[in-house]
Amino acid sequence: VKKNKDAGDVPHIRTPIVCVLGHVDHGKTSLLDRIRGSSVVSGEAGAITQHIGATIVPIDSITSMSGSMKSLNISIPGLLFIDTPGHHAFTTLRARGGALADMAIVVVDITEGFQPQTIEAIQILRNCKTPFVVAATKLDRVPGWRSTEKSPFLKSFGNQNERVTLLIETKVYDIVATLAEHGFSSERFDRVSDFARNLAIVPVSAHTGEGISDLLMVLIGLAQRYMEEALTLTVDGPGAGTVLEVKEEKGLGATIDVILFDGTIRVGDEIAIATTDGVSTTKVRSLLQPRPMQEILIEDRFLRVKEVVAAAGVKVSAPGLDQVIAGSPVRVIGDEPEDVKASIAREMTEI
Ligand code: GTP
Ligand code: MG
């Protein structure tokens, strides 16, 4: 099974983490499914690595799906997409792991516009200074919309009658106005001249695939900027992550699903975790990843790996995880001297 790219010759650049956020039922999972699906269709099947709570889509397939010829200067394995369910745990998760997402897609149902959790999402992204793009989805639901499968937005937009065109303009303008109320200057993506100053709004449909190539193109632009700043980031240090969920697994007991956003975690590492009784330490017994699709019939759902490199999603099995708090940080402290371990533990209680 493919691990994260960690060959010795390339600089160890961390995989950018892309969070997909938005109001309940606005279409986050469908959008991700479409991105994953198109990626499989574009001939990259098998290269997509399913992680615990996340998916890595290879950068090459994103570049080819976006129809962009521009190749990236620096090799990164891909983008790690994290789907966030529309439940409250997300707030905790984001507030704690300010560094968790490198960029985000804010999904908003174009027919419904901004809703409470959309607002919550942009407030969190603003606080964390996380760059993002707005996907105005369910374009095909706009009354009178005539779909052209997988077409770029402008091409489909050109095929609409005046009434529909006007309706879309109004809907997009509503989003622009709401974003302005929250201090963001934004424009429909094709009208943005300076992506550093203006947020891009990309109208899309997960069902018809319209606008998806445009969305990916904007995302590549954000990733490029991220990589220029991230050149100094290393994945060689001790692992740091955020607990997504605490889960009971048959035969394993309590496990934690972790998004590792920095460094490396190995079997046998000592980790510090936040529990209801305060910070405690334990030793990693096993690191588990979902099996590839084709091995779905194998009894054991998980594959044991020796180490995991950021960014990645991984299930950690270790003694004493039942009291861990979802949304709390996890740190590898194995190699640290005792006084450093103590200060890490102190730091964690302050979070
Ligand atoms: P939560 O995870 O519960 O917050 O929802 P979500 O944001 O992941 O939404 P999800 O992708 O599950 O979609 C919710 C509903 O909207 C489903 O019935 C989808 O089929 C539908 N839907 C999502 N995207 C589109 C779209 O582009 N067009 C249409 N017509 N329906 C869509
Ligand atoms: Mg969902």
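Being a predicted model, the structure only gives us computed values, none of them experimental.

(A) Geometry of the pairing of strand β8 (residues 199–203). Counting buried positions over the 5 residues of β8 gives 5, a clear majority of the element. Here β8 shows no split at all, with Leu199, Ile201 and Pro203 on one side and Ala200 and Val202 on the other all buried. Of the pairings in the sheet, the one linking strand β7 (residues 186–188) to β8 comprises 3 bridges and is parallel in character. Across the sheet, residue Arg188 finds its bridge partner in β8, namely Ile201.

(B) The arrangement of the pairing of strand β4 (residues 78–83) in detail. Taking burial as the measure, the 6 residues of β4 include 5 buried ones, the bulk of the element. As paired elements, strand β1 (residues 17–22) and β4 share 4 bridges and run parallel to each other. For Cys19, the partnering residue across the bridge sits in β4 and is Ile82. As judged from the 4 bridges shared by strand β3 (residues 54–58) and β4, these two strands associate in the antiparallel manner. The residue of β4 that forms the bridge with Ile56 is Leu80.

(C) Inspection of the sheet that holds strand β13 (residues 278–283) at higher detail. Strand order across the open sheet formed by 8 strands is β13-β12-β18-β9-β10-β17-β14-β15, with antiparallel pairing between neighbours. If you trace the sheet from one side to the other, it starts and ends with β13 and β15 (302–305), each paired once. Mean inter-strand twist for the sheet, computed between neighbouring axes without regard to direction, equals 40 degrees. Relative to β13, strand β12 (residues 270–275) is paired through 6 bridges, and the arrangement is antiparallel. Across the sheet, the residue bridging to Glu270 is Lys283, located in β13.

(D) Summary view of the environment of Val172. Along the polypeptide, Val172 turns up in helix α6 (residues 162–181). Note on Val172: 21 C-beta atoms within 10 Å, which makes it buried. The spatial distance from the C-alpha of Val172 to the C-alpha of Lys250 is 48 Å, given a sequence separation of 78 residues. In contact with Val172, other than residues within four places in its own chain, are Ala136, Arg188, Ile201 and Pro203.

(E) Up close: the environment of His207. With respect to the helices and strands, His207 occurs in the loop between β8 and α7 (212–230). Taking the C-beta count within 10 Å as the criterion, His207 has 16 such neighbours and is therefore assigned partly exposed. For the pair formed by His207 and Leu31, sequence separation is 176 residues and the distance between their alpha carbons is 8.3 Å.

(F) Highlighting the confidence of the model for the protein chain. Averaged over all residues, the pLDDT of the protein chain equals 83, while 81% of them reach at least 70. Here residues 1–10 is modelled with pLDDT under 50, and outside its nearest four sequence neighbours on either side it reaches 13 contacts, counting other chains as well. With a pTM of 0.86, the predicted complex shows an ipTM of 0.99.

(G) Molecular detail of the nonpolar core. In terms of nonpolar packing, the biggest core is built from 94 residues, with Val18, Val133 and Val202 touching the most fellow members. Of all the elements, α7 adds the most residues to this core, at 11 residues. Sequence-distant contacts of Val133, that is, excluding residues within four places in its chain, are made with Ile105, Leu199, Ala200, Val202, Leu215, Val218, Leu219 and Leu222.

(H) Representation of helix α4 (residues 116–127) in the model. Here α4 spans 17 Å end to end across 12 residues, near enough to the 16 Å set by a 1.5 Å rise per residue. Here α4 has its buried residues at Gln117, Thr118, Ala121, Ile122, Ile124 and Leu125. Down the axis, α4 shows its buried residues gathered within 160 degrees of arc, on one side only. Pointing more than 90 degrees away from the buried face of α4 are the exposed residues Pro116 and Asn127. Phi turns positive, to about 55 degrees, at Lys129, one or two residues after α4.

Criteria and thresholds
- Residues numbered from 1 in each chain as written.
- Chains lettered and ligands numbered in written order.
- Predicted model: local features only at pLDDT ≥ 70, side-chain atom pairs only at ≥ 80, totals over all residues.
- Buried ≥ 20, exposed ≤ 12 C-beta atoms within 10 Å, placed from the backbone.
- Helix = DSSP H or I, 4+ residues; strand = E, 2+ residues; numbered from the N terminus.
- Pairing = 2+ DSSP bridges.
- Axes fitted to C-alpha atoms, helices over the stretch in contact; angles between N-to-C directions.
- Contact = placed C-beta atoms within 7 Å.
- pLDDT = per-residue confidence, 0-100.
- Core = buried A, V, L, I, M, F, W, Y, C linked by C-beta atoms within 7 Å.
- Expected span 1.5 Å × (residues − 1).
- Arc of directions from axis to C-beta.

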